[in-house]
Structures are given as C-alpha cells and as structure tokens.
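# Coordinates in review
Given next are the chains, with one letter for each unit.
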Amino acid sequence: YYDGKDKEAAFYTLLEIADKTLKLLAPIMPFLAEYYYQELIRNLESVHLEDFPKPKKKFIKDYPEVEIAKKIAEDINELRNVSKIKIRWPLKEAIIVPKKEFKIKRAVDIIRNLCNIKKVKVLSFAPEKMEGYLRKETEDYIVFLNTTLTKKLKEEAFLREFIRAIQEKRKEMNLDVRKLVKLY
C-alpha cells in the first residue's frame with residue numbers, strides 16, 4: 001500500500017485516466033466500457049450518455065512542430081510520387097532549410113519516420129547544386145530529397161516488398177498470425 005503525501009493526487013489521476021479511457025472505449029467495446037464505468041466511476045448514468053472527451057491543447061506539447069512536420073512530410077512524399085518511389089522504399093537523405101523561425105529540429109524524427117528516410121538534416125542555408133536531389137520550395141521552407149537508390153537501399157526495399165507480399169498471401173489464405181510457414 002502507498003501512503004505518500006500525494007496519494008490523493010495519484011488516485012485522482014488514475015480516476016481521471018479511467019474515466020476518459022472508458023469514454024473512448026465505449027463505442028468500440030460497449031459492454032466492457034459500461035461495466036467498468038459503473039464499477040470504477042460509480043455514476044448512475046451510462047457511459048454512453050456522457051460527452052466524448054475533448055483534447056486539452058495546453059497539454060499537447062510541440063503542437064506547432066507536429067503540424068509543420070506533417071506539412072514537410074507531405075511535401076517529401078509528393079517528391080517521392082514525382083520520382084515514382086514508394087513510401088515503403090527507404091531513402092538516404094532529406095534536407096530541410098527553414099525560411100521562417102520555427103522549431104524544426106525536434107520534429108526531425110517525426111519526418112524521418114513518416115517518410116521512411118534514413119537521415120534528415122536541417123540547414124540554415126540552401127545549397128547551390130544538389131545532384132540526385134529533388135527540390136520543393138514553400139513560403140516556410142525548402143525541402144531537398146535525395147532520390148538516389150543505392151544497392152543497400154534497394155536490397156532493403158526488396159526485402160520489405162517481399163515481406164509485404166508474404167503477409168498479403170497469409171491474409172488471403174486466412175492463416176493464423178502465430179503459425180509458421182515454409183517458403184519455397
């Protein structure tokens with residue numbers, strides 16, 4: 001048992017989490033959400049009569065960075081489409097040159113993951129000539145995308161395509177996910 005000074009705060013936090021989680025689960029798992037809502041929250045009303053929880057913007061950290069990262073990711077993926085390179089295929093590098101003052105450095109991981117790029121650099125100036133790079137310029141930034149597929153990147157891409165094809169075939173055959181298969 002916990003007898004710390006912040007015991008009430010901890011219980012309040014857990015109750016708040018349970019309340020919001022059960023409201024979110026209600027449309028997906030109605031009976032389970034209702035049962036636990038009545039057991040934990042002990043409200044006379046049904047969980048289904050409660051308002052759906054609204055996000056509290058003050059608790060969302062780096063919200064502007066996430067939005068700008070999404071825009072940059074869309075532009076990078078647009079450049080991929082121009083060069084006919086699938087998103088599943090990894091690329092070596094993207095370079096971002098911000099024109100305005102915004103915090104992009106911490107959003108680099110988001111961009112890297114959304115776009116399947118090995119390295120994302122943020123530079124303070126736009127390089128003159130970039131061979132093997134596609135370029136897109138907006139009012140906020142310039143994006144350079146290295147579309148050169150090295151042997152190693154191609155091997156990784158083919159492996160991903162192969163795994164995807166196997167998973168698709170498993171799905172067609174209604175095989176259990178845990179079941180091992182032999183490939184010939």
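The structure we're discussing is the one just above.
Let us look at the structure shown here. (Residues numbered from 1 in each chain as written. Predicted model: local features only at pLDDT ≥ 70, side-chain atom pairs only at ≥ 80, totals over all residues. Heavy atoms only, no water.)

Right, let's talk about the overall build of the chain for a bit. Summing up its helical and strand segments, the chain has 5 helices and 4 strands in all. Reading the secondary structure of the chain in the N-to-C direction produces α-α-α-β-α-β-β-β-α. Scaling as 2.2 N^0.38, a compact globule of 184 residues should have a C-alpha radius of gyration of about 16 Å, whereas the chain reaches 24 Å, well beyond that. Its C-alpha atoms give the chain principal-axis dimensions of roughly 65 × 55 × 35 Å. Residue burial in the chain is summarised as follows: out of 184 residues, 29% are buried. Once local pairs closer than 6 in sequence are excluded, the contacts in the chain between residues at least 24 apart make up 65%. Accessible surface for the chain amounts to roughly 14,300 Å². Of this, 58% is attributable to carbon and sulfur atoms. Positive and negative charge centroids in the chain, built from 40 and 30 side chains respectively, lie 7 Å apart. (Helix = DSSP H or I, 4+ residues; strand = E, 2+ residues; numbered from the N terminus. Rg over C-alpha atoms; globule rule 2.2 N^0.38 Å. Buried < 20%, exposed > 50% of the residue type's maximum accessible area, 1.4 Å probe, protein only. Contact = heavy atoms within 4.5 Å. Areas by Shrake-Rupley, 256 points an atom, 1.4 Å probe, with all protein chains shown as cover. Lys, Arg positive; Asp, Glu negative; His and termini not counted. Charge placed at Lys NZ, Arg CZ, Asp CG, Glu CD.)

The subject of this paragraph is the pairing of strand E3 (residues 133–137). When E3 meets strand E4 (residues 141–146), the two strands line up antiparallel, connected through 5 bridges. Bridge assignment links Tyr133 to a residue of E4, and that residue is Asn146. (Pairing = 2+ DSSP bridges.)

Below, the discussion takes up the packing of helix H1 (residues 7–25) against helix H2 (residues 30–41). Where H1 meets H2, the axes come as close as 9 Å, and the angle between the chain directions of the two elements is 155°. With respect to each other, H1 and H2 are oriented roughly antiparallel. Of the two elements, H1 crosses H2, and the hand of that crossing is left-handed. Of the residues in H2, those in contact with Leu15, Ala18, Asp19, Leu22, Lys23 and Leu25 of H1 are Pro30, Ala33, Tyr36, Tyr37, Leu40 and Ile41. (Axes fitted to C-alpha atoms, helices over the stretch in contact; angles between N-to-C directions. Parallel < 35°, antiparallel > 145°, perpendicular 65-115°, else oblique. Left-handed = near helix turned anticlockwise from the far one by under 90°.)

Burial in helix H4 (residues 108–115) covers these residues: Val108, Ile111 and Cys115. Seen from one end, H4 has its buried residues packed into an arc of 65°, which puts them on one side. Immediately beyond the C-terminal end of H4, within one or two residues, lies Asn116, with a positive phi of roughly 55°. (Arc of directions from axis to C-beta.)

To continue, consider a nonpolar patch on the surface. Taken together, Ile28, Met29, Leu32, Tyr35, Tyr36 and Leu40 make up a surface patch of nonpolar side chains, about 620 Å² in accessible area. By relative accessible area, which is 38% here, Tyr36 ends up partly exposed. (Patch = residues over 30% accessible without salt bridge, like charges linked within 9 Å, V, L, I, M, F, W, Y side chains within 5 Å. Salt bridge = Lys/Arg side-chain N within 4 Å of Asp/Glu carboxyl O.)

This part covers the side chain of Asn77. Mapped onto the fold, Asn77 is located in helix H3 (residues 63–82). Contact partners of Asn77, with chain neighbours within four places excluded, come to Ile87, Leu114 and Cys115.

Another aspect to go through is the environment of Arg170. Mapped onto the fold, Arg170 is located in helix H5 (residues 151–172). Here Arg170 falls in the buried class, since its relative accessible area comes to 13%. Taking the C-alpha atoms as reference points, Arg170 and Val181, 11 residues apart in sequence, are found 8.8 Å from one another. If we ignore the near neighbours within four places in the chain, the residues touching Arg170 are Leu175, Asp176, Val177, Arg178, Lys179 and Val181.

As enumerated under the stated definition, the model contains 19 salt bridges in all. For Lys136, the salt bridge is made with Glu78, and the minimal N-O distance between the two is 2.8 Å. Here Lys136, found in strand E3, pairs with Glu78, found in helix H3; they are 58 residues apart in sequence, far enough to count as distant. Classification of Glu78 as partly exposed rests on a relative accessible area of 39%. Arg164 is paired through a salt bridge with Glu161; the nearest N and O atoms lie 3.4 Å apart. Placement of the pair is Arg164 and Glu161 together in helix H5, with a separation of 3 residues, close to one helical turn. Since its relative accessible area comes to 31%, Arg164 is described here as partly exposed.

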